[in-house]
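A look at the structure
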Amino acid sequence: MTLLLILLSVFAFGRLPAPASWRLPALEAGLYRFLLGAAASALVAMTVGGVSLTAAQVLLACAGAAELLRWKVTRCIPDAPSLEVAREALMPFEWVCLLATAAALGFTFIGALAPVTGWDATVAHLALPSDYAREGRIFFHPGNVYSGYPHLMHCLYAAVYHHGGALPTAILSWLFAVAACVSVYLLGRRIEDRRVGLIAAALFATAPIFMDQGGTVSIDLAFTAFATAALTAVVAWFDEKHRHWLVLAGLLAGASCGVRHTGYIVCAFLAVAVLCGRSPRRFRAAAYFGLAAWVAALPWLLRSAVLTGNPVFPLLAGWFPGAAIDHIAVGGAGVHESITRSGGISFVGLLRFPWDIIMRPGRFDGWTKSPGGMVLILGLPGLLLCSWRVRAIGLYGVAGSAVFYFFQRFARYMLPFFTPLMVVAAAASMRMGPLRKGVMAVITMAFLFGLSLHAAAISFKVPVVLGLQSRTAYLASRVERYGAFQYANEHLRGGTVLTIDQRSYFINGPTYQNHWALKRIARLPLDEQVAWLHGQNIRYVILPLDYIEESGALREDVGAMVKTWRQARAFFEPLCPPLDLPRPRGGLDRVEIYRVK
């Protein structure tokens, strides 16, 4: 019920006045309304939820109830005029694409019904909403560095999680996966035609990264939906020269800054795209876009400025010293761990980056984050064979992706720049002349391969979804060191738990998981370290010894401090014998738990 009322509020806030001359197809209008309404609902959740999440829920529920009443009263009265699109019968290959997309969405929906185990969700995207729900408000949490990050999706998730729990939150996340597929389809349809849109959406939905992010609580598919929809609106402006498209694009791009800090790159590249147009009023057009983007991003900039002292946190840390939360530098070229881990910066590395990030994703954040080989196999020919419109969005995708080579090499961060390349790949498949039928057969095989990976990925989730396996048994078999989290929930009371394994979502109480704060205090004397722990109200410490030893950064910066703590019995009292916990993939993990005296 909580999810339903908030969805109604999303569509209520998304009902923005539009001029009668601005007619949109129903699907396009529905997507824009959903995304703009979500941004507005998140803003309500942030402002009111900072005092009381219950009050925010009540306000959103009232908006949803008003929307439902409006619909019942006016259901016989048509909305603002919409463009009627001729409905031609789907061709066989279009049916293949549509069925592949539907199957992928079905698989991810099954994944969303299972208990959440993904690292990002249990560290941030679900961990923070659960913390907020426990406290009854959205608060600044220095113990979780992501509390200072852009918070549009986290505020929405908190509004659903409060009195709703993890399942409706995961379903809301899945709905943004649907929105991302629709945005890719609409971009392809705007650029060329319905067939290209359907192929691009199917390439997107059957990619490993879609299954990885769509079957859990994530923010990357929501980010992709906002950014790709903004690009679609810019394309529509180039076609129709109507300034409302620029305002819409700016609002969507600005809202993406509230989802991820990398949304600023989306805004910058779309502004450049508008300036590069042939319109004699392109500077005025860029101003319309920029002003709308600024208005949409401003609430999230203000939030970060008030909480952390840095409006673009975690970027530009050097410009805003004395931030209220410890964090690693991410805004400098070449400093992020994903760059040092994958060989640094070089000209040859830049040339190889498209191949590596797509075909060798294990060098970065794993094969499950790959956008799929078709992006490369068909995308490159598409840049040569297709029209200037297709090449333009392809260059947008290439240029945006290249930025991440120098700053953060995570495919999921780059996803809004991969989606235009999927449209390029789809358009290229229609330009192959006598080879086209063979290419369509290859694409069909790629769909089947991707769906087989999706099916394998959810196979172990089916028993718990059907109730044939308990939640505890499922988590124990899938989550490393889950026994330590169980021990904490059963025995640790009356204080904050310092968990070096950052998946604080599994602990039902106050936690502290900020690694970068630990790296800072590791240089202090022992008595000052203990004083810092007391200052954070940290009463318990969970030390995953094997995890620390196997993590290079933790072993170097935190390992010596942990060794000192284990020997300092005057300050750290063991609460139980060491726990030797089985790993899901074999072997044991040793965990020790201490009380801070």
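Cut-off values and rules
Residues numbered from 1 in each chain as written. Predicted model: local features only at pLDDT ≥ 70, side-chain atom pairs only at ≥ 80, totals over all residues. Heavy atoms only, no water. Buried < 20%, exposed > 50% of the residue type's maximum accessible area, 1.4 Å probe, protein only. Helix = DSSP H or I, 4+ residues; strand = E, 2+ residues; numbered from the N terminus. Pairing = 2+ DSSP bridges. Polar contact = N/O pair within 3.5 Å; in protein donor to acceptor, adjacent residues only side chain to side chain. Contact = heavy atoms within 4.5 Å. Axes fitted to C-alpha atoms, helices over the stretch in contact; angles between N-to-C directions. Parallel < 35°, antiparallel > 145°, perpendicular 65-115°, else oblique. Left-handed = near helix turned anticlockwise from the far one by under 90°. Nonpolar A, V, L, I, M, F, W, Y, C, P; charged D, E, K, R; others polar. Expected span 1.5 Å × (residues − 1). Arc of directions from axis to C-beta.

Regarding the pairing of strand β3 (residues 538–544)
With six of seven residues buried, β3 lies mostly within the body of the structure. Both strand β1 (residues 496–499) and β3 contribute to a ladder of four bridges, which runs parallel. Considered in β3, the bridge of Leu 498 is made with Val 541. For β3 and strand β6 (residues 588–596), the ladder comprises five bridges, and the chain directions are antiparallel. Note on β6: the bridge partner recorded for Tyr 540 is Arg 595.

Description of the side chain of Asn 144
Along the chain, Asn 144 falls in the loop between α6 (127–135) and α7 (152–161). Within the local environment of Asn 144, its side chain forms a polar contact with the backbone oxygen of Val 123, the two atoms lying 3.0 Å apart. When residues no more than four places from it in sequence are discounted, the contact partners of Asn 144 are Val 123, Ala 124, Ala 127, Leu 128, Ile 325, Ser 504 and Gln 513.

Thoughts on the packing of helix α2 (residues 26–49) against helix α11 (residues 220–240)
Interaxial distance between α2 and α11 falls to 11 Å at its minimum, and their mutual angle equals 130°. In this view, α2 runs oblique relative to α11, as classed from their interaxial angle. By crossing handedness, the relation of α2 to α11 is classed as left-handed. Contact with α2, carried on its side by Glu 28, Leu 31, Tyr 32, Leu 35 and Ala 39, involves Ala 225, Phe 226, Ala 229, Thr 232 and Ala 233 of α11 and no other residues of that element. For the contact of α2 with α11, the per-class residue count stands at eight nonpolar, one polar and one charged.

Section: the pairing of β6
In the sheet, strand β4 (residues 572–574) pairs with β6 via three bridges, with the strands oriented antiparallel. Within β6, the residue paired with Phe 572 across the bridge is Val 596. In this sheet, β6 lies alongside strand β5 (residues 579–582) in antiparallel orientation, the contact comprising four bridges. Its bridge partner lying in β6, Leu 579 is registered against Val 591. Two successive antiparallel strands, β5 and β6, enclose a turn made up of five residues, where Gly 586 displays a positive phi of approximately 100°.

Here we look at helix α4 (residues 92–113)
It helps to recall that an α-helix has 3.6 residues per turn; residues three or four apart then point in one direction. With 22 residues, α4 extends 32 Å between its outermost C-alpha atoms, agreeing within 8% with the 32 Å of an ideal straight helix rising 1.5 Å per residue. Those residues of α4 not exposed but buried are Phe 93, Glu 94, Cys 97, Ala 100, Thr 101, Ala 104, Leu 105, Thr 108, Gly 111 and Ala 112. For α4, the buried positions fall inside an angular range of 125° around the axis, keeping them on one side. Opposite the buried face of α4, at more than 90 degrees from it, the exposed residues are Pro 92 and Leu 99. Lining the buried residues of α4 we find α8 (166–191), α9 (194–205), α10 (208–214) and α20 (436–459).

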